[in-house]
Amino acid sequence: MATVIEPTIFELSSPGRRGVTMPASDVPEVALPPKDLLRSDLPLPELAEVDVVRHYMKLSSFNYSVDSGFYPLGSCTMKYNPKINEDTCRLPGFLYTHPLQPIETVQGNLALMFETQEWLKEISGFAGVTLQPAAGAHGEFTGVLMMAAYHKLRGDTKRTKMLIPDAAHGTNPASVGMLGMQVVTIPSDARGNVDLEKLKAACDDTVVGMMLTNPNTLGMFDEHIEEVVNMVKDCGGLMYGDGANLNALLGIVRPGDLGFDVMHFNLHKTFSVPHGGGGPGSGPVGVSQRLVDFLPSPLVGIIEEGDDETAPLYGFVTPKNSIGRMKAFHGHFGGGLVRSYTYIAMHGPDGLKDVSQYAVLNANYLQARLRNTYHIPYDRICMHEFVMEGQFAGSDVRALDISKRLMDYKFHPPTNYFPLIVHEALMIEPTETENKDTLDRFADALIAIAEEAKTQPELLHNAPSTTQFGRMDEVKAARELVLCCWLPENYEQLV
């Protein structure tokens, strides 16, 4: 395969070309002292507008996106992002406002935030919701802070242990560790549930609580969820629910009704906000009644009631025992909240239930098609995702090889090597977005790759072979973190 290298924007530059024409200044010119810090040249690329557009359009075509194909990343819930979400977040009243404006001038924004809080409460069964956290892991940290504050206010300072199943999301122990708590890992049983005997042995009066991902990263809904919750609460602990997999539960079960005290929502997963490549995320947190007073401040509330003719006045309120502000301003408003509000409003209660039912149906359909080809270690009805092993007896092909080969079949690879309790894990989540034709093409590709692994393993070891770039040196990429090394020739003089 011949790799075609696109010139950099600097290499395309030609002195004197212009892409923009600046208007004449309508204010007096002012000198910029001190003169010894001024430079006569700014080494930026010079191109016409059409050159810039074509360059970046070409680069974008090298990328894979949810708009161009199926994205089966387990645990990430990469679903299609309806374009109406983009229209609503660009409405002038949302786009051109500032978070420090007087509340009287942003009532529409505050009304949307208040309604989003109320909808998330209704969807999840919680008594209160904060919209501040910027992403799921930030929501986790916020939730654990509230759990710690709850015990501290009660004088229960010896609680330092957090119970975390081995099928939880990897950010859970990181969030706990940031607060200096001890992580106690609880193993899974043979059916992918929390091992009740091991949990019972770990429950004592030093437990802050338990962080449970349900459905877990195996795609399993815990069959003993009520016993798990009761066991933790009987020793005085609180229950944290990792809401990253909420896409499997909408309209079917509410975590608050199961006894959870805290849960973060991944709006960028469940409610179709574009994500990947760094953002934008959004991780609101819901809490039970016992933790409402500890929510971050400020929250959006009604500060003057309305009537049949007058809308209420929305403003900011501070909970009694608030842990304080967790983010500048009020969360990812346009990036997450407006888009999610649109998605929820468009679907309504029945539509959100359909989302989960089709997500679960799609995952079980793929699992059924692949179970005779790949080993599925926890082989029972799954929820939104399932995990299979990417290896075969007598073959040196591994999960990474299978994923790389999928790229030659024009599919994005699934999540690799997670969860850690499955050897050579391939974690697949089709979401509700995809139709049966797409799922069948994906299953056919994986079945064909399995046959290649036995008869032509070199195809997989050398894959991908039809993409813009071949297989990268992953060790080199991990150790050499400099992504761009271009500097102008006179860099030393400039700095």
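Description of the structure in this document. In this text, all values refer to a predicted model and were calculated from it rather than measured experimentally.

**A short note on helix α11 (residues 399-408)**
Now for step 1: For α11, the buried fraction is high: eight of the ten residues fall into the buried class.
Now for step 2: When α11 is considered as a whole, its buried residues turn out to be Ala399, Asp401, Ile402, Ser403, Lys404, Arg405, Leu406 and Asp408.
Now for step 3: On the buried face of α11, the contacting elements are β11 (415-416), β12 (425-428), α12 (436-455), α13 (457-461) and α14 (474-479).

**Details of the packing of aromatic side chains**
Now for step 1: What the rule picks out here adds up to eleven aromatic pairs.
Now for step 2: Ring centres 5.5 Å apart and planes at 75° place the aromatic pair Tyr64 and Tyr71 in the edge-to-face group.
Now for step 3: Consider the rings of Trp119 and Tyr341, whose centres lie 4.6 Å apart with planes at 15°: the pair is stacked. Of this pair, Trp119 sits in helix α4 (residues 107-124) while Tyr341 sits in helix α10 (residues 333-370), placing them 222 residues apart in sequence.

**Considerations on the environment of Phe70**
Now for step 1: Along the chain, the position of Phe70 falls in the loop between α1 (49-61) and α2 (83-89).
Now for step 2: Taking the relative accessible area as the measure of exposure, Phe70 reaches 3% and is therefore buried.
Now for step 3: In this structure, the C-alpha to C-alpha distance between Phe70 and Gly128, residues 58 residues apart in sequence, is 35 Å.
Now for step 4: Once residues within four sequence positions are removed from consideration, Phe70 is found in contact with Tyr64, Phe411, His412, Glu429, Pro430, Glu434, Thr438, Leu439 and Phe442.

**Brief notes about the pairing of strand β3 (residues 182-186)**
Now for step 1: Relative to β3, strand β2 (residues 161-165) runs parallel, the two sharing five bridges. Residue Met162 lies in a different strand from β3, and its bridge partner there is Val183.
Now for step 2: Considered for its hand, the β-α-β crossover made up of β2, helix α6 (residues 171-177) and β3 is right-handed.

**Focus: the pairing of strand β4 (residues 207-213)**
Now for step 1: With seven of seven residues buried, β4 lies mostly within the body of the structure.
Now for step 2: Sheet topology note: the β4/strand β5 (residues 238-243) ladder contains five bridges and is parallel. The residue bridging Met210 from the neighbouring strand is Met239, located in β5.
Now for step 3: In terms of handedness, the path from β4 via helix α8 (residues 225-234) over to β5 forms a crossover that is right-handed.

**What to know about the packing of α10 against α12**
Now for step 1: Following both chains from N to C, one finds α10 and α12 inclined at 30°, their axes separated by 10 Å at the closest point. The angle between the axes of α10 and α12 places the two elements in the roughly parallel class. Here the hand of the crossing between α10 and α12 comes out right-handed. Contacts between α10 and α12 involve Asn362, Tyr365, Leu366, Arg369 and Leu370 from the former and Lys436, Leu439, Asp440, Phe442, Ala443, Asp444, Leu446 and Ile447 from the latter.
Now for step 2: Of the residues belonging to the contact of α10 with α12, the class tally is eight nonpolar, one polar and four charged.

Conventions adopted
- Residues numbered from 1 in each chain as written.
- Predicted model: local features only at pLDDT ≥ 70, side-chain atom pairs only at ≥ 80, totals over all residues.
- Heavy atoms only, no water.
- Buried < 20%, exposed > 50% of the residue type's maximum accessible area, 1.4 Å probe, protein only.
- Helix = DSSP H or I, 4+ residues; strand = E, 2+ residues; numbered from the N terminus.
- Contact = heavy atoms within 4.5 Å.
- Phe/Tyr/Trp six-rings, centres within 6.5 Å; stacked < 30°, edge-to-face > 60°.
- Pairing = 2+ DSSP bridges.
- Right-handed = clockwise from strand over helix to strand, strands pointing away.
- Axes fitted to C-alpha atoms, helices over the stretch in contact; angles between N-to-C directions.
- Parallel < 35°, antiparallel > 145°, perpendicular 65-115°, else oblique.
- Left-handed = near helix turned anticlockwise from the far one by under 90°.
- Nonpolar A, V, L, I, M, F, W, Y, C, P; charged D, E, K, R; others polar.

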